[in-house]
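Coordinates in review
These are the residues of each chain, in order.
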Amino acid sequence: MVRLNRRLLPIKAHFFFFMAAMGPILPQLSVIGKQIGVPPDVMGYITAALPLLYVLAKPLVGFLADYFTSLRKFIFISLILIMTLAFAGFYFLPDNSHFIPLDEGSAQWNVTLLTNPNDCNTIIQSSNAFCQTTHQAKCIQEEKEVGEFSALIVANESGLNLNQNLLHGNESYHICLTQPAAIDWNSASCEVRHVNSCIYGAGKFWLFVCLLCIGIVGFNVTNSISDACCFDLLGDEEQEKYGAQRVWGTIGFGATAMLAGIVVNWWTTDAVKSLTPALIIMCVFSLLDLFSVSKLKLPKLGGSESIWSDVWQLVRKPPILVFLFFATMAGIIDSFIIYFMFWHLEQVAEATGYMHQIKLIEGLVVAAECLAGEVPFFFYSGKIIKKLGYVHCMSMCFFFYAVRLSLIAWIPNPWYLVGVELFFQGITYALCYTCIVAYASAVAPPGTSATVQGLMAGMDDGLGFSIGSLIGGLMFKSLGGRESFKYFAIAAICTCVAHIVIRPTSRKRQFLPRQGYVPPTEQEIKQPPAQEMEEIRLG
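As recorded in an unreviewed UniProt entry, the protein goes by the name RE36877p, listed as coming from Drosophila melanogaster. According to the UniProt record, the Subcellular location (unreviewed entry) comment for the protein is "Membrane". As stated in UniProt under Sequence similarities (unreviewed entry), the record for the protein gives "Belongs to the major facilitator superfamily. MFSD6 family."

The structure is reproduced here in structure tokens:
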């Protein structure tokens, strides 16, 4: 009969409710940006810059949690509350309805010019409805691809009585020149985009950026503090049980992401108001999370007299620096998969004729990752790490990252990705993540657990994510999806080999300096800690 550990029930509840609150909102962040007119490339720059904030915020807030030990629960609750309020603020973003809808922030139009366009009248830009009726465009002659000109395209609803001199499909619009040009064509190809001043000069864009920064940083810092509190609750004797607590977060995230998708489709088809049910689900589970955190009984820990000094002495040691480097490499690989896997999937779908099923496939991929891929590996990760040790686990993760990336590059049609993610999400992301946070807990000097967790996580999903999204974006644009994933697979296998060569191969030589921590016991450490440390220093 399975015994329920009531002491760990609140932390299980926290992981479940916390990630359940994020399930409906995190996958929709780029969609929200698209709804207010943010172009995909600008959204990419934002997501590349955000992880740099994690690098600073995670160890800083971790330091505060370690320094003010009596206020740890207050800091924890405050972070969850701030994050929830920031994401809930998306409900108040102004409506971005436009009389010329652009589904992806831009569109390529083949148009017919009924009359030659003239220079734009000043009344167009001074109109109160300018941002709701006007787009900017760059056009070239459709056949010769010469003589590019810049223009504005204005909808009929502007109320300015402009002549309709452009035909696109069955709709007619007014087109005028923003720069003088000699135009004598009947047809053209135009790249149509939102007017820059209507996006970046509008308060809603900067409100969105601020809410996004506060919410995402709050989420990532809370995630790091959650791990530190979980390990503090487990103590030195039960470190391997971390995955059994964290698995409830995966279950919550997968369940509410699926629930929100169903409810949003049922609730309404309106682009902006469709966020309402997702935000309601988020707020409900955030309130439940606040209640569960209030019931946490965090142990009283001995504080460090000099937190920064202790942490600095730790990170100066070569084994820790090497580990931080490989944690960053794991973040680079993860970020490329997270940001570009679905983009590649949709390219494959377009090439193979599966676009009519793409949203169903993407939903099944997420379900396979969370509910089938991550759950067993989070649950058994402690036993796996105890059996193999941190070093061999990380090497194994990098090897399977290479296999996973190779298979993603190979998929002949989108349905294959469901099977790939089902079998490889757990042994790569779930096991690697657990290995990083567990090692951070194992090496953290007494009284510095939150600071060290923040530092390790900041290198993984902070610096690593920023580098990965930047490099991945450049590669994806120049090489395409398949080639980019192939090169990342090569990088992953090279990282695996480097990790095997550089990190110590014997579990006796794993760098675990914190007093009181019990390393894997299958190979008994015969020498006392002082001799082991001397061997590491000389070796």
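**Some thoughts on the overall build of the protein**
Within the protein, the secondary structure is distributed over 18 helices and 6 strands. The proportion of buried residues among the 539 residues of the protein is 52%. Across the protein, contacts joining residues at least 24 apart in sequence account for 83% of those joining residues at least 6 apart.

**So, the pattern of salt bridges**
Where charged atoms of side chains with opposite charge meet at close range, the side chains can pair. Tallied over the full model, the rule gives 4 salt bridges. Among the ionic pairs, R404 bridges to E421, the shortest N-O distance being 2.5 Å. Residue R404 is located in helix α14 (residues 390–410), and its partner E421 is located in helix α15 (residues 415–443); the two are separated by 17 residues in the primary sequence. In this structure, R404 and E421 share a single accessibility class: buried. Among the ionic pairs, E483 bridges to K486, the shortest N-O distance being 3.4 Å. Residue E483 and its partner K486 are both found in helix α17 (residues 481–502); the two are separated by 3 residues, about one turn of the helix. The class for E483 is partly exposed, based on a relative accessible area of 33%. When its relative accessible area of 40% is taken as the criterion, K486 is described as partly exposed. Here the salt bridges do not stand alone but share partners, grouping E369, R404 and E421 into one network.

**Considering a nonpolar patch on the surface**
On the surface, F399, L479, Y487, I490, I493, V497, I500, V501 and I502 cluster together into a nonpolar patch covering about 820 Å² of accessible area. When residues in the nonpolar patch are grouped by element, the largest group, 7 residues, is from α17. By the secondary structure assignment, I502 is in helix α17.

**Description of the nonpolar core**
In terms of nonpolar packing, the biggest core is built from 125 residues, with M22, I25, F87, F90, F208 and M456 touching the most fellow members. Of the residues forming this core, the biggest block, 18 residues, is contributed by α15. Listed in part, the 19 residues of the second largest apolar core include A137, Y173, W185 and A188.

Conventions adopted
- Residues numbered from 1 in each chain as written.
- Predicted model: local features only at pLDDT ≥ 70, side-chain atom pairs only at ≥ 80, totals over all residues.
- Heavy atoms only, no water.
- UniProt positions renumbered as here; feature names shortened; annotations may be inferred.
- Helix = DSSP H or I, 4+ residues; strand = E, 2+ residues; numbered from the N terminus.
- Buried < 20%, exposed > 50% of the residue type's maximum accessible area, 1.4 Å probe, protein only.
- Contact = heavy atoms within 4.5 Å.
- Salt bridge = Lys/Arg side-chain N within 4 Å of Asp/Glu carboxyl O.
- Patch = residues over 30% accessible without salt bridge, like charges linked within 9 Å, V, L, I, M, F, W, Y side chains within 5 Å.
- Areas by Shrake-Rupley, 256 points an atom, 1.4 Å probe, with all protein chains shown as cover.
- Core = buried A, V, L, I, M, F, W, Y, C linked by side-chain atoms within 4.5 Å.

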